[in-house]
Amino acid sequence: MDLFGDLRRLYYQVLNFAMIVSSALMIWKGLIVVTGSESPIVVVLSGSMEPAFHRGDLLFLTNFHDDPIRAGEIVVFKVEGRDIPIVHRVIKVHEKGNGNIKFLTKGDNNEVDDRGLYKEGQNWLEKKDVVGRVFALCRNGNYNNE
């Protein structure tokens, strides 16, 4: 047995693994910069948006703050006190003269709006709650542009 050869192979395996991990992290950070979203890719975890999205679908997000939020748009948002982001459709938008925008969301497969999901006392979401907006999806390995 060649101890030096075994150590060399182990060293190369560790180095290759480190290169793969660092490449994945660089790609992820690059996507964050390009899309403007803190989480440019999310997975659908529930059936609340069926038939538009199904469990396991991958959603690709953008979050350019200059673009106005409009009714009918599908957004991913975080609510204070909840760790998992929610993917739902904007159903109502309130714009004030000062440029302040508030909006209400609802899952396509839900009977009622999302006010029950928001933090206590919160009736509307604001732009600061948005993680991103869906612009494309990958279902069963097939890419579809929204």
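Residues numbered from 1 in each chain as written. Predicted model: local features only at pLDDT ≥ 70, side-chain atom pairs only at ≥ 80, totals over all residues. Heavy atoms only, no water.

Operational definition: UniProt positions are given in the numbering used here, feature names are shortened, and annotations may be inferred rather than shown by experiment.
In the nomenclature of an unreviewed UniProt entry, the chain corresponds to Signal peptidase complex catalytic subunit SEC11 from the organism Malurus cyaneus samueli. You can read under Function (unreviewed entry) in the UniProt record for the chain the words "Catalytic component of the signal peptidase complex (SPC) which catalyzes the cleavage of N-terminal signal sequences from nascent proteins as they are translocated into the lumen of the endoplasmic reticulum. Specifically cleaves N-terminal signal peptides that contain a hydrophobic alpha-helix (h-region) shorter than 18-20 amino acids." In its Catalytic activity (unreviewed entry) section, UniProt records this for the chain: "Cleavage of hydrophobic, N-terminal signal or leader sequences from secreted and periplasmic proteins."

### Remarks on the overall build of the chain
Rules: In DSSP terms, a helix is any run of H or I states spanning at least four residues, a strand is any run of E spanning at least two, and both are numbered starting from the N terminus. Put simply, the radius of gyration uses C-alpha atoms, and a globule should come to 2.2 Å times the residue count raised to 0.38. Summary of the burial criterion: residues with accessible area below 20% of their type's maximum are buried, those above 50% are exposed, and those between are partly exposed, where the area comes from a 1.4 Å probe applied to protein chains only. Contacts between residues were defined by any pair of non-hydrogen atoms, one from each residue, lying within 4.5 Å. To be clear on the numbers: accessible area is Shrake-Rupley with a 1.4 Å probe, and residue cover counts the displayed protein chains and nothing else. Charge assignment in this entry is limited to Lys and Arg as positive and Asp and Glu as negative, and neither His nor the chain termini are counted. Lys charges are placed at NZ, Arg charges at CZ, Asp charges at CG and Glu charges at CD.
Helix and strand content of the chain: 1 helix and 8 strands. Ordered by position from N to C terminus, the α and β elements of the chain give α-β-β-β-β-β-β-β-β. Taken over C-alpha atoms, the radius of gyration comes to 20 Å for the chain, far larger than the 15 Å a tight globule of 146 residues would show. In terms of overall dimensions, the chain has a C-alpha envelope of 75 × 35 × 30 Å along the principal axes. Per-residue burial over the chain gives 30% buried out of 146 residues. When contacts within the chain are restricted to residue pairs at least 6 apart in sequence, long-range pairs at least 24 apart make up 51% of them. Of the roughly 9600 Å² that the chain leaves accessible, carbon and sulfur atoms contribute 57%. Distance from the positive charge centre (18 side chains) to the negative charge centre (19 side chains) of the chain: 2 Å.

### Some details on the UniProt feature "transmembrane region" (unreviewed entry) in the chain
Here the UniProt feature "transmembrane region" (unreviewed entry) sits at residues 12–31. Helix makes up 100% of residues 12–31 and strand 0%, and the two end C-alpha atoms of the span are 28 Å apart.

### Observations concerning the packing of aromatic side chains
Quick reminder of the rule: The pairing test for Phe, Tyr and Trp rings, Trp by its six-membered ring, is centres within 6.5 Å, and the orientation test on the planes gives stacked under 30 degrees, edge-to-face over 60, and tilted for anything in between. A ring is scored as having a charge over it whenever the NZ atom of a lysine or the CZ atom of an arginine sits within 6 Å of its centre and within 35 degrees of its normal.
Applying the stated criterion to the full structure yields 2 aromatic pairs. Considering the side-chain rings of Tyr 11 and Tyr 12, the 5.7 Å spacing of their centres and the 55° angle between planes classify their relative orientation as tilted. Seen from their ring centres, Phe 77 and Tyr 118 are 6.1 Å apart, and the 80° between their planes marks the pair as edge-to-face. A residue pair is termed long-range when its members are at least 10 positions apart, and Phe 77 in strand β3 (residues 74–77) and Tyr 118 in the loop between β5 (101–106) and β6 (125–126) qualify at 41 residues. In terms of burial, Phe 77 and Tyr 118 fall into one category: buried. We note Arg 115 situated over the ring of Trp 124; from NZ or CZ to the ring centre the distance is 4.8 Å.

### A few points about the environment of Gly 56
As for its placement among the helices and strands, Gly 56 is situated in the loop between β1 (41–43) and β2 (58–62). You can call Gly 56 partly exposed: its relative accessible area is 47%. A sequence separation of 82 residues divides Gly 56 from Cys 138, and the C-alpha atoms of the two residues are 9.2 Å apart. Apart from the residues lying within four places of it in its own chain, the contact partners of Gly 56 are Val 43 and Val 44.

### Quick notes on the side chain of Thr 62
Structurally, Thr 62 is set in strand β2. Exposure remark for Thr 62: the relative accessible area of 18% places this residue in the buried category. Leaving out residues up to four positions away in the same chain, Thr 62 has contacts with Thr 35, Ser 37, Gly 132, Arg 133 and Phe 135.

### Considering a nonpolar patch on the surface
Selection rule: Patch rule: a residue counts if its relative accessible area is over 30% and it has no salt bridge; like charges are joined within 9 Å, and nonpolar side chains (Val, Leu, Ile, Met, Phe, Trp, Tyr) within 5 Å. When a carboxyl oxygen of Asp or Glu is within 4 Å of a side-chain nitrogen of Lys or Arg, the pair counts as a salt bridge.
Residues Leu 3, Leu 7, Leu 10 and Val 14 make up a contiguous nonpolar surface patch of roughly 410 Å² in combined accessible area. When you line up the elements, Val 14 lands in helix α1 (residues 3–35). Under the relative-accessibility criterion, Val 14 is labelled exposed at 51%.

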